[in-house]
Amino acid sequence: MIAAALFLACCGLAIAGALGAALVRNLFHAALLLGLSLCGVAGLYLFLHAYYLACVQIVVYVGGILVLILFATLFSADVMGRLQRTPRWLLALGTVGAAVAGSTAWQLGSQVLAARPAPAAVRETPPGHDVGAIGDLLLGDWLLPFLAAGFLLTVALVGAVATVRRHQRTREVAHG
Amino acid sequence: MNGLGYSVDALAQWLGGPEAGWLAIAIAVLLVQVAPLLLAVFPLAAVGQIFERKIAAAIQRRHGPNSAGLEGPLLLTFRLAFCFLPRARQDRLFAGFCRLPMIRSLLPLARRLGLGQLAADGVKMLGKQDIVPRSADGVVFRLAPYVALCGAFLPFCVLPFAHHVVMLESDVSVLWAIAVSGLTVMALKMAGWGSGNKWSLLGGMRAVAQMVSYEIPIGLCVAAVVLWCGTMDLHGIVAQQYRPGVLTLTGWNLLQSPFFAVLAGVFFFAGLAECQRTPFDMAEAESELVSGFNTEYSGLRWGMFAMAEYAEMVLIGALFATLFLGGYQSPIGEQWIVGLHPLPATLLHVLILGSKVLLSYLTMMWIRWTLPRYRVDQVMRLCWLTLVPLALVALLGVALTMLAIGGVADGAAYGRLAARAQLAPGLLGWLFAWAIPVAGGWLLIRAARARHGQRHPALLQLTQTPRPGGHG
C-alpha cells in the first residue's frame, strides 16, 4: 500500500516536474522543476533496486548538469518570464503533434508489452549489491568506451583550465 | 549491536515488506532514526555556535560570552514544571533548588562560561520576524533553507556511528553521502537568486562556483580510498581499516602510504571549502557582500542555514575520520572493544567517533579564527591548480602502490563484519610503500632546486602574489 503510494508519488514528481519545466514561464523555476523531475526519476531507480544508478543520477544530473543549466539560465536575456508568447497556431500544432505521438507511443508500448516474454531470473546479485557487477562490466566488456569517455572528459577538463589560463595571461598583458 | 537495524527492518516490513524496497526503508529511517538524529544534531549545532564563540574569544584574547547564566532558563523550566503551584511557592522551590550544594557551585561556573547565551540566542532566533523581501521570489526564497537542511542531514543516514549502527546499509553509501550533500548547492543557488538582491545573488554564485569546484578534489580523494579499500560501503571502509592486535591504528588509511597523507590534507581543505568556512568564506564576505546568500534571511530561516553549516562541519569531520582515521575504531586495542557487550561497545564507538569529529571541528575553528580569507581567484586557483593535481597524483600513486605491494588476501574478521579482500601488505610492504614515494619526492625537489635554484616558478608565484591579508 505504502510502497504503491511512494511509487505513485515518485511518478507524480517526475511527471509534474517535467510538465512544469516545460510549461512554466519563469526560466529559473523551470530549471528547479526539472531538478524535481530528476529526483523523481532517481526515486524510480530506487524502486528498481538500482541504488548505484540512483546515486549517479543525483550526482551527475542534479549536482552537475542542473547546476550548469541554472548558471546558463542566469545569463539568459530574460529570466523572469517576459518571453515572447508562443503563437496560437504553434500551440495548436503542438497539441495535435503531442496527441499523435502519445497515441502512437501508447499503441507501440502496449504491443511491445504484450509481446514481451516473461522475465527470466535476470538478477544474479542480491538487490543493492550491483556495484561489483557494474564495475566488472565497465572494466571488462565495455573497457574501451569507458576509457575513451574518461579520456575525453580529462581532455575537456585540462582544456578548460588551459583556456582560462591563456585568457588570464592575455588580460594581464593587456592591463600591463 | 543490531538493535537500530532491526527496528528499521521491522518498520519496513510493516510498511509493505521487501517489495516496498529502499524507499519504505528510507521512510522508516526517517521515522525511527532521523528524528532522534535531528534532535541530537540540532542542539549540537547550537552548542557548536557557543563553543565557537568561546574558542574565538580564547584565540583573540577576549572573554567571549561570560555573563548569561542558566538561572533564567532554569527558572522558566521550574515555572513550567510546577505551573499548578502558586507563584510564590514556585519561587521558594527555585530558591531552594539554587541552594543545593552541587547547583550552588555550578551555577556561577555556567555564568562564567556564558552557557545561558545558548538559550538566549535560541529564543532570539525563534522570536525574530520572518521577513520576505518584496522583490524576493517567494516560494524559492522560503524553500531554500529546507533544501539546505536536507543536503546537510541526509548524508548522516549512511554514516556508521558504531559497529553495525548505521541507518542505511548500502553498497554505495559513500556515493550517496556525496550525492545528497550536493543538494546544498541547489539550496545556495535558490537562496541567492530567490532573495532578489544583488549581493545575495553574487554571494550565491560565488558559493556555488566554489562548492562545485571543490567537489572534484573531494571526489578524487574518495575515489582513492574506495580504490584502496575495494568497497564503496562506508561500513566496509571502516572494516578494512581494522587490524587485530594492540595497535589498531596501523590499519588506518592515513598511515598506509604518504599518498594518503596528501589525500587527507586535500580532503580536509576541500571539505573546509564545502562548508564555506574561513579561509573559504568569500561567499559571505561581510565587508563587501553584506552577508552573501543569507543577507535577506532572518529568524528561523537564517538559523536553518547556520544549522546546516554546523551539521556540514560535523559531516566533514565524520567523513574524514571514516575515510582516513579508521572511523569509529579506537586507535589501540579495537579487538577488545568489539569483544565487549554490544551496548558499552557501541557507546565507546560513538564516543571515539565523536572525539575524532571534535578534533577536526576544533581545527576548523582554529583555522577560521587565525587565517584571513582568500580572494575569489585565489580560491579557484587553489582548487584547480593545487588540490586537483595533487589529488590526481596521489590517486595515481595509490593505484601504483597497490600494484607494487599487491597481495590481495582475506582480511581479518572484524566482529561479524568480515573485511572483504583486504590488502595485507605486511611490515615490509608498508615500509616499501612509504620509502619509495618519500625518496622519489625528495629527489624531485632536489632536482627542481638544482635546476631552478630559488627562482622556481612556484616559489616566484608565491612571493609575488599579494597577500590576502588586506581583505580582513
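Everything numeric here is computed off the predicted structure, so don't read it as measured data.

### Observations regarding the overall build of chain B
Along the backbone of chain B there are 18 helices and four strands. The buried share of chain B, taken over its 472 residues, is 48%. Taking the intrachain contacts of chain B between residues at least 6 apart in sequence as the baseline, contacts between residues at least 24 apart amount to 78%. Of the roughly 22200 Å² of accessible surface on chain B, 71% is carried by carbon and sulfur atoms.

### A word on the confidence of the model for chain A
Within chain A, residue pLDDT values average 80, and 78% of them lie at 70 or more. The weakest mean pLDDT in chain A belongs to helix H5 (residues 131–139) of chain A at 79; the strongest belongs to helix H2 (residues 27–47) of chain A at 88.

### Some remarks on helix H13 (residues 299–324) of chain B
Residue and element names in this part refer to chain B. Here H13 contains 26 residues, and its C-alpha end-to-end distance of 38 Å stays within 8% of the 38 Å for a straight helix at 1.5 Å per residue. Most of H13 is tucked away: 24 of the 26 residues are buried. Just beyond H13, the residue with positive phi is Gly326, at close to 75°.

### Things to note about unusual backbone geometry
Most peptide bonds take the trans form, and the phi angle of most residues other than glycine is negative. Its identity as a non-glycine residue notwithstanding, Arg61 of chain B has a phi of 55°, on the positive side. For Arg61 of chain B, a relative accessible area of 78% translates into the label exposed.

### With respect to the environment of Val238 of chain B
Residues and elements named next belong to chain B. Following the sequence through the fold, Val238 ends up in helix H10 (residues 234–240). Along the chain, Val238 and Trp252 lie 14 residues apart, while their C-alpha atoms are 8.8 Å from each other. Residues contacting Val238, with those up to four places away along its chain left out, are Pro160, Thr322, Gly326, Gly327, Tyr328 and Gln329.

### So, a nonpolar patch on the surface
Taken together, the side chains of Val59, Val60, Tyr61, Ile65 and Ile69 of chain A define a hydrophobic patch exposed on the protein surface, amounting to about 360 Å² of accessible area. Here Tyr61 of chain A is to be found in helix H3 (residues 51–75).

### A word on the pattern of salt bridges
Two side chains with opposite charge may pair up if their charged atoms get near one another. Residue and element names in this part refer to chain B. Scanning all chains against the criterion turns up four salt bridges over all chains. Between Glu52 and Arg368 there is a salt bridge, with its nearest N and O atoms 3.5 Å apart. One end of the pair, Glu52, is in helix H1 (residues 3–59); the other, Arg368, is in helix H15 (residues 342–368), and 316 residues separate them in sequence. Residue Arg368 is classed as partly exposed on the basis of its relative accessible area, which comes to 26%.

### A few points about the nonpolar core
Counting 117 residues, the largest nonpolar core has Tyr214, Phe267, Leu323 and Phe324 of chain B as the members making the most contacts within it. No other element matches the 16 residues that H13 of chain B contributes to this core.

### Section: the packing of aromatic side chains
Scanning the entire structure with this criterion turns up 18 aromatic pairs over all chains. Considering the side-chain rings of Phe7 of chain A and Phe47 of chain A, the 5.3 Å spacing of their centres and the 85° angle between planes classify their relative orientation as edge-to-face. Here the residue Phe7 of chain A occupies a position in helix H1 (residues 2–23), and Phe47 of chain A occupies one in helix H2, the gap between them amounting to 40 residues. You can call Phe7 of chain A partly exposed: its relative accessible area is 36%. Seen from their ring centres, Phe267 of chain B and Phe324 of chain B are 5.9 Å apart, and the 65° between their planes marks the pair as edge-to-face. On the criterion of sequence distance, the pair formed by Phe267 of chain B in helix H11 (residues 258–274) and Phe324 of chain B in helix H13 is long-range, its members being 57 residues apart. Note on accessibility: Phe267 of chain B and Phe324 of chain B belong to one class, buried. Clustering of aromatic rings is evident, with ring pairs tying together Phe78, Phe82, Phe84, Phe94 and Phe97 of chain B.

### Points about the domain arrangement of chain B
All names here are of chain B. Partitioning chain B into structural domains gives domain 1 (42–127) and domain 2 (138–424). Across the boundary between the two partners, domain 1 contributes 13 residues, which contact 18 residues of domain 2. Summed over the shared surface of domain 1 and domain 2, the result is one salt bridge. The tally of links between domain 1 and domain 2 comes to three residue pairs in polar contact (both at pLDDT 80 or more).

### Description of the side chain of Thr184 of chain B
Residue and element names in this part refer to chain B. Take Thr184: it is sitting in helix H8 (residues 183–194). Residue Thr184 is classed as buried on the basis of its relative accessible area, which comes to 6%. Excluding its chain neighbours within four sequence positions, the residues that come into contact with Thr184 are Gly151, Ala152, Met211 and Glu312.

### Examining H3 of chain A
Residue pairs three or four apart in sequence face the same way in an α-helix, which turns once every 3.6 residues. Under the 1.5 Å per step criterion, the end-to-end length of H3 of chain A is 35 Å for 25 residues, consistent within 8% with the ideal 36 Å. At Leu66 of chain A, H3 of chain A is bent by approximately 30°, the largest bend along its length.

### Re the state of the cysteines
Overall, the coordinates contain zero disulfides over all chains when judged by the stated rule. Free of any disulfide, Cys39 of chain A has its nearest cysteine sulfur in Cys10 of chain A, 9.7 Å distant. For Cys39 of chain A, a relative accessible area of 30% corresponds to the partly exposed category. With no disulfide of its own, Cys221 of chain B lies closest to Cys383 of chain B among cysteine sulfurs, the gap being 11 Å.

### With respect to the packing of H8 of chain B against helix H9 (residues 198–229) of chain B
Residues and elements named next belong to chain B. Two elements in contact, H8 and H9, have axes whose closest approach is 7 Å; the angle formed by their N-to-C orientations is 165°. In this view, H8 runs roughly antiparallel relative to H9, as classed from their interaxial angle. Seen from above, H8 lies across H9 with left-handed handedness. The segment H8 lies against H9, with Thr184, Val185, Leu188, Lys189, Gly192 and Trp193 engaging Ser200, Leu201, Gly204, Met205, Ala207, Val208, Met211, Val212 and Glu215. Residues that form the contact of H8 with H9 fall into these classes: nine nonpolar, four polar and two charged.

Analysis parameters
- Residues numbered from 1 in each chain as written.
- Chains lettered and ligands numbered in written order.
- Predicted model: local features only at pLDDT ≥ 70, side-chain atom pairs only at ≥ 80, totals over all residues.
- Heavy atoms only, no water.
- Helix = DSSP H or I, 4+ residues; strand = E, 2+ residues; numbered from the N terminus.
- Buried < 20%, exposed > 50% of the residue type's maximum accessible area, 1.4 Å probe, protein only.
- Contact = heavy atoms within 4.5 Å.
- Areas by Shrake-Rupley, 256 points an atom, 1.4 Å probe, with all protein chains shown as cover.
- pLDDT = per-residue confidence, 0-100.
- Expected span 1.5 Å × (residues − 1).
- Patch = residues over 30% accessible without salt bridge, like charges linked within 9 Å, V, L, I, M, F, W, Y side chains within 5 Å.
- Salt bridge = Lys/Arg side-chain N within 4 Å of Asp/Glu carboxyl O.
- Core = buried A, V, L, I, M, F, W, Y, C linked by side-chain atoms within 4.5 Å.
- Phe/Tyr/Trp six-rings, centres within 6.5 Å; stacked < 30°, edge-to-face > 60°.
- Domains from an automatic or database assignment.
- Polar contact = N/O pair within 3.5 Å; in protein donor to acceptor, adjacent residues only side chain to side chain.
- Bend = angle between axes of the 7 residues up to and from the residue.
- Disulfide = S-S within 2.5 Å.
- Axes fitted to C-alpha atoms, helices over the stretch in contact; angles between N-to-C directions.
- Parallel < 35°, antiparallel > 145°, perpendicular 65-115°, else oblique.
- Left-handed = near helix turned anticlockwise from the far one by under 90°.
- Nonpolar A, V, L, I, M, F, W, Y, C, P; charged D, E, K, R; others polar.

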